[in-house]
Amino acid sequence: MIKILQIGEGNFLRAFAEHFIQEANEKGIYDGKVAVCQPRKNTKVINALKNQECKYNILLKGRLNGEVINEVKPISCVEKCIDTVGEYDELKRIFCLDSLEIVISNTTEAGISFVDSDKMSESPDVSFPAKVTALLYERFKKGKGGLVFLPVELIENNGDELKKCIIKYAKLWNLENGFIDYIENECSFCNTLVDRIVTGKAEYKNDECAVACEPYSSWIIEADEKAQKDIPFCSLDMGANFVKSVLPYRERKVKILNGVHTMSVLAGYNAGFKIVRDMVNDETFKAYIDRGLNEEILKTIDLDENELKTFANSVLERFNNPFIDHKLLDISLNSVAKFKARCLCSLLDYYNKFEKVPSVLSFAFAALINFYENFENKDYPVNDVESVLDFFRNKHGDLVFDVLANVDFWGEDLTKIDGLYEKVKGYFDSIKALGINKAMEKLLNE
């Protein structure tokens, strides 16, 4: 019986959502099948799945709770694959099934957007939210119950944003007020935050749809009571949890998972490392990351201390995945914007909370400036937007001061933060004089 419609056939959802659904079915806490359709016109994956009777395999490779995992998970919970464009009538039929309860989507960050030129009569050749509005209107007209929407697009408040778009289309298309009431009161739109590294298509026997990923998974779901009754995943021991708000968990992920990457990779590359695993196994970098995490970053997040430390430990375990060679230079792309989003927030929160400048995050700032300085004369590529590269290309004099004062980079003049310039300049000079390794050892002995 089809209970879930999945709009999105890509590697991530096949390695993530289907894993949860498969486990729930196998453990007897759910009895539901999935129909999958693609959000755009490309039918390559849909057709490949059809050729395999909608069955494929997930290859789980990595570390989890101290154990090395290397196993294959067969997926058989997908009952039907639908070409959204060529089989639109079938998609409408599935959307109006009495048994349908949940709609999961992953249409990229740009997928949840309102396009005022979309017309309902042109569906399915319209944007994702417009398609959903047209389909949901069909369901409403047939007198069917509301649905639970679980978008996993990586935008803040993804459920709220999807709901706003659908209501905008309902008003744009002059649909009756009863339909808007149906959206507001009978449907649930859950804000979510997902986390799993999916490395992509995998080679496995004759399976053209096999996908590889790490064993770690997290699905944070902000859901009302109605939605919680329909969503089975949170009773599994797989990292799915209902929460009052996803925002602190988003902050946790950005500051810890993404922040530690950005805090360490530029220094790591200039210290001679090429991949994350080798960097985190170095004793000096291990101590540097541990101090930055436990003494600075974690102290700025308003969540249970034990929960934060458990998450932080899982992040370090994931960085040490023996099956993934995660290149530091790949992570270094657009590091100025990444530092603002992932590390500066922790630095400023720490300063505001403790009225002093954090040392490790300041060192990371100095390492960023060192990485970008004279980038055209270095033996590695520095990839960033042209405005950032132009700034570093044309700067002379006190580079540290000018970087910190660049309001276009940071949204404010950071030289006005008492002690930050002196701290970053000291570490920058130390890196220039001693090299990254010796400068980091000096920092750790402070």
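Quick note: structure is the one above.
Scoring rules and cut-offs
Within each chain, residue numbers correspond to sequence positions counted from 1 in written order. Local features in this predicted model are restricted to residues whose pLDDT is 70 or higher, and side-chain atom pairs enter the listing and the counts only when it is 80 or higher, whereas totals over whole chains, interfaces and linings include all residues. Side-chain figures throughout are based on the complete set of non-hydrogen atoms in the structure, without hydrogens or water. Being paired, for any two strands, means DSSP has found at least two bridges between them. Here a strand is any run of E in DSSP of at least two residues, a helix any run of H or I of at least four, and the numbering for each starts at the N terminus. Salt bridges are defined as contacts in which a side-chain nitrogen from Lys or Arg sits within 4 Å of a carboxyl oxygen from Asp or Glu. Between buried and exposed lies partly exposed: a residue is buried under 20% and exposed over 50% of the maximum accessible area for its type, with that area taken using a 1.4 Å probe on protein chains only. What a helix should span is 1.5 Å times the count of its residues minus one. Residue contacts are counted whenever heavy atoms from the two residues lie within 4.5 Å of one another.

Let's shift gears to the pairing of strand E4 (residues 67-75). Here nine bridges tie strand E3 (residues 56-64) to E4, and the two strands are oriented antiparallel to one another. Directly across from Arg63, in E4, lies its bridge partner Val68. Here E3 folds back onto E4, and the loop between the two strands holds two residues, one of which, Asn65, carries a positive phi near 55°.

Before going further, it helps to spend a moment on the pattern of salt bridges. Here the structure, examined in full by the defined rule, presents 28 salt bridges. Between Lys92 and Asp89 there is a salt bridge; the shortest N-O distance is 3.8 Å. Of the two residues, Lys92 and Asp89 both sit in helix H3 (residues 88-95), three residues apart, roughly one turn of that helix. A relative accessible area of 59% places Asp89 in the exposed class. Here Glu208 and Lys201 are joined by a salt bridge, their closest N and O atoms 3.9 Å apart. In this structure, a network of salt bridges that share partners links the residues Glu23, Glu26, Lys27 and Lys73.

Further remarks concern helix H4 (residues 128-141). Here H4 spans 20 Å end to end across 14 residues, near enough to the 20 Å set by a 1.5 Å rise per residue. The element H4 is largely enclosed, with a buried count of eleven among its 14 residues. Listed in full, the buried residues belonging to H4 are Phe128, Pro129, Ala130, Lys131, Val132, Thr133, Ala134, Leu135, Leu136, Tyr137 and Arg139. Summarising the contacts, the buried residues of H4 are in contact with strand E1 (2-7), H3, strand E6 (102-105), strand E7 (148-151), helix H5 (158-172) and helix H6 (177-186). Gly143 lies just past H4 and shows a positive phi near 75°.

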